[in-house]
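Okay, here's what each chain looks like letter by letter:
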Amino acid sequence: MLCTLSLAIASAAAQGGYIDQEAVAELLNLRAQSLDDIPEVFYEYYVLENERGNSALARNAFYRLIGEGNADRGRDRAELVQMLNRRLMQTYAVGDTIIMPTLFDLDFRAYSPFPRHYSGGREFDKLFIMDKTIQAFAAYEHGRLMRWGIINTGNPDESPTPNGRYNFNWQEEFRISSESPPDEPWEMYWVMNFHTNGMHVHQYEMPTGGPMSHGCVRLVDADAEWVYHWADTWTTTSSSKGIESVGAKILRQGTTVLVVGTEPPGKPNPFEHGRRHPALRFVVLPTHPYDVPPGTNQQRHFDKLRRQKSASG
């Protein structure tokens, strides 16, 4: 089945609304020359205050603070604060606590809940990991973090995104969901399929809240496009590209995909809340990707071939 792409407007509003895709694109595409050059970032609490109880003025004071006196610069930097807190700035009111980083304008990997180096993934030229607890993804090359971002996985009560080890199979730049109503085509861009039952990673108008899709995994536009061009799909005996190659023999699997973690009851909580300072909640990855159970018969087949090769050689 193909996942149903409901906009879920009411749920999104309850969890803080939709992010501004264009505004976060520049933030996500910032790149340092080297992963090792990215500094360590710490976090602080900030309580919105205003003598008159005016939330708008309280937020403006916060913008001036993080913008070093320039409110417009602060609004730009607040895009990072929204992404890290998974909450839009306009939803904060007087008395609310914001978690802010000590450094801004860095490669987004500086704020990653995933380790920058993953020793278990060194033998994989590319590895894509989705953690449902934090609602985030990480892309690795030979164990080095290339990119990370926020996601929405499937609603656990209706159509959860299944845990396991998969591979990206086929991709399509544009696809209309087969679940679309006759008068409302649901458009999906940068589609990457990772499950035989039609579960995808793709772009979609995305809230800052927790798991709420219908099985598929939603990414920010800029992340979805990046993954589309970065990840590898399978190689088969079929000459067709994009959609499933029915009846074709798989010659080479695509980029390995891991789905780990447990869905949070509501919004994910990306931080540990200490008395004086918050700390980023880090994802604990499996010792080795092959420790994650195979999610499809395709994985089981290639696991068998790998064990046979190991035993013979």
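Structure shown above.
Summarised in this report is the structure supplied together with it. All figures in this text were calculated on a predicted structure; none of them were measured in a lab.

## Points about helix 3 (residues 55-66)
With 12 residues, helix 3 should reach 16 Å at 1.5 Å per residue; the first-to-last C-alpha distance of 17 Å fits that figure. What helix 3 keeps buried is the set Ala 58, Arg 59, Phe 62, Tyr 63 and Ile 66. Buried residues of helix 3, viewed axially, fall in a sector of 145°; they line one side. Buried positions along helix 3 lie against strand 1 (43-47), helix 4 (71-85) and strand 2 (97-101). For helix 3, the capping residue at the N-terminal end is Asn 54, with a side-chain oxygen 2.9 Å from the backbone nitrogen of Ala 56. The positive-phi residue at the C-terminal boundary of helix 3 is Glu 68, with phi of around 55°.

## Structural notes on unusual backbone geometry
Most peptide bonds are trans, and most residues other than glycine sit at a negative phi. Backbone geometry places Glu 68, a non-glycine residue, at a positive phi of 55°. Checked against the element boundaries, Glu 68 lands in the loop between helix 3 and helix 4.

## Regarding the environment of Val 94
Its location among the elements puts Val 94 in the loop between helix 4 and strand 2. Between the alpha carbons of Val 94 and Val 47 there is a distance of 7.8 Å; along the sequence they are 47 residues apart. Residues contacting Val 94, with those up to four places away along its chain left out, are Leu 48, Glu 49, Asn 50, Gly 53, Asn 54, Ser 55 and Ala 58.

Conventions used here
Residues numbered from 1 in each chain as written. Predicted model: local features only at pLDDT ≥ 70, side-chain atom pairs only at ≥ 80, totals over all residues. Heavy atoms only, no water. Helix = DSSP H or I, 4+ residues; strand = E, 2+ residues; numbered from the N terminus. Expected span 1.5 Å × (residues − 1). Buried < 20%, exposed > 50% of the residue type's maximum accessible area, 1.4 Å probe, protein only. Arc of directions from axis to C-beta. Contact = heavy atoms within 4.5 Å. Polar contact = N/O pair within 3.5 Å; in protein donor to acceptor, adjacent residues only side chain to side chain.

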